Amino acid sequence: GESVGLHLPTLSVQEGDNSIINCAYSNSASDYFIWYKQESGKGPQFIIDIRSNMDKRQGQRVTVLLNKTVKHLSLQIAATQPGDSAVYFCADENNAGGTSYGKLTFGQGTILTVHP
Amino acid sequence: GAGVSQSPRYKVAKRGQDVALRCDPISGHVSLFWYQQALGQGPEFLTYFQNEAQLDKSGLPSDRFFAERPEGSVSTLKIQRTQQEDSAVYLCASSPVETQYFGPGTRLLVL
């Protein structure tokens, strides 16, 4: 079946470094992509999203890049802090067929560990 | 303001027991979703409500799983005759339009 997946299951960085988390998706009909952060014992927390008609979007310390040609999504975190340590998930929404109600398909997740 | 809340936060059930998991969405949110998250995996879609109408239940793994949202607010996910493979975190999310806001989840352990 079609799915969203991640290249790297773990990423370890030093505080202050920039982090890049990658995600590959297989559904060419996906038109909306979201990154979530999940800390232990908590639900996923929205970080940033991007639509398929864009290739880059910036937030506060985070940037999402979308390459539709190779079906690749990345999350860049600038000046990573210990508080950024968590599991990061990419998710996609396929609105083909008119089912535009936000049904998300999540990837497996990347564990980001930030060392002080 | 208050976010999405779920109860109980933890539930231990004996195999064969019925369980009910509650979700209180953010007030006024039309859309409500249930997801199942296995250990080390991303959440997987179970079912979707728009107000009180269950518009998509394609992700429910078996007929032992049942969800309702009778008044378009609080939702309950019920699992009958629980099995060990039902052990997971059950997440609820609500949305006013697009962005989904997740609750903390209910961790279910079936022994």
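In what follows, the accompanying structure is described. In every chain, residue numbers begin from 1 and rise along the written sequence. Lettering for chains starts from A, numbering for ligands starts from 1, and both go in the order in which the items are written. For this predicted model, a pLDDT threshold of at least 70 governs which residues receive local features, and a threshold of 80 or more governs which side-chain atom pairs are given and counted, while totals over whole chains, interfaces and linings are taken from all residues. Side-chain descriptors were evaluated using all non-hydrogen atoms of the structure, hydrogens and water having been removed beforehand.

**Brief notes about the overall build of chain B**
Under the scheme used here, helices are H or I runs from DSSP no shorter than 4 residues and strands are E runs no shorter than 2 residues, and both carry numbers assigned from the N terminus. Helix and strand content of chain B: 0 helices and 11 strands. Listing every helix and strand of chain B by position from the N terminus yields β-β-β-β-β-β-β-β-β-β-β. The contact definition used throughout considers only heavy atoms, calling two residues in contact when any of these lie within 4.5 Å. Partitioning the intrachain contacts of chain B with sequence separation of at least 6 by distance along the chain shows that 51% fall at a separation of at least 24. To measure how exposed things are, a 1.4 Å probe is used in the Shrake-Rupley method; for residues, cover is taken only from the protein chains shown. Just so you have it, chain B exposes about 5500 Å², and 48% of that area is on carbon and sulfur atoms. Counting 11 positive and 11 negative side-chain charges, chain B places the centres of these two groups 9 Å from one another. Asp and Glu count as negative and Lys and Arg as positive, but His and the ends of the chain are not part of the count. To locate a charge, take NZ of a lysine, CZ of an arginine, CG of an aspartate or CD of a glutamate.

**A short note on empty space enclosed by the protein**
In this analysis a 1.4 Å probe is tested at points of a 1 Å grid over the protein atoms alone, and where it fits but cannot get out there is a cavity; an open set with protein on both sides within 12 Å along at least five of seven lines is a pocket; lining residues have an atom within 4 Å of a point. Grid points are joined across faces, edges and corners, and a volume is the space filled by probe spheres set on the points. Scanning the model with the defined rule gives 1 cavity of 30 Å³ or more in all. Looking at the largest cavity, its volume works out to about 30 Å³. Every residue lining the largest cavity is listed: A:Tyr32, A:Ile34, A:Tyr36, A:Phe46, A:Glu93, A:Leu104, B:Glu98, B:Thr99 and B:Gln100. At 3 residues, the largest contribution of residues to the lining of the largest cavity is made by strand β4 (residues 32-38) of chain A. Here the nonpolar group is Ala, Val, Leu, Ile, Met, Phe, Trp, Tyr, Cys and Pro; Asp, Glu, Lys and Arg are the charged ones; every other residue, Gly included, is treated as polar. Along the lines of polarity and charge, the residues of the lining of the largest cavity split into 5 nonpolar, 2 polar and 2 charged.

**A look at the interface of chain B and chain A**
Size of an interface: often given as the accessible area lost when the parts come together. On the side of chain A, 17 residues touch chain B, which itself brings 19 residues to the contact. Two parts placed together each lose some accessible area under a 1.4 Å probe, and adding up what both lose gives the buried area. Interface area, chain B with chain A, both sides summed: about 1500 Å², of which 50% is carbon and sulfur. Of all residues in chain B, B:Pro43, B:Glu98 and B:Phe102 bury the most surface against chain A, accounting for 30% of the area lost on that side. One speaks of a salt bridge when a side-chain nitrogen belonging to Lys or Arg is within 4 Å of a carboxyl oxygen belonging to Asp or Glu. Linking chain B to chain A there are 1 salt bridge. Between B:Asp56 and A:Lys103 there is a salt bridge, and its shortest N-O distance comes to 3.7 Å. Here a polar contact is recorded for every N or O atom pair within 3.5 Å, except that within protein the pair must consist of a potential hydrogen donor and a potential acceptor, and residues adjacent in sequence are included only if both atoms are side-chain atoms. Across the contact surface, chain B and chain A share 4 residue pairs in polar contact (both at pLDDT 80 or more). Counting residues per element, the ones that place at least two in the side of chain B that touches chain A are β4 (31-37) and β5 (44-50) of chain B.

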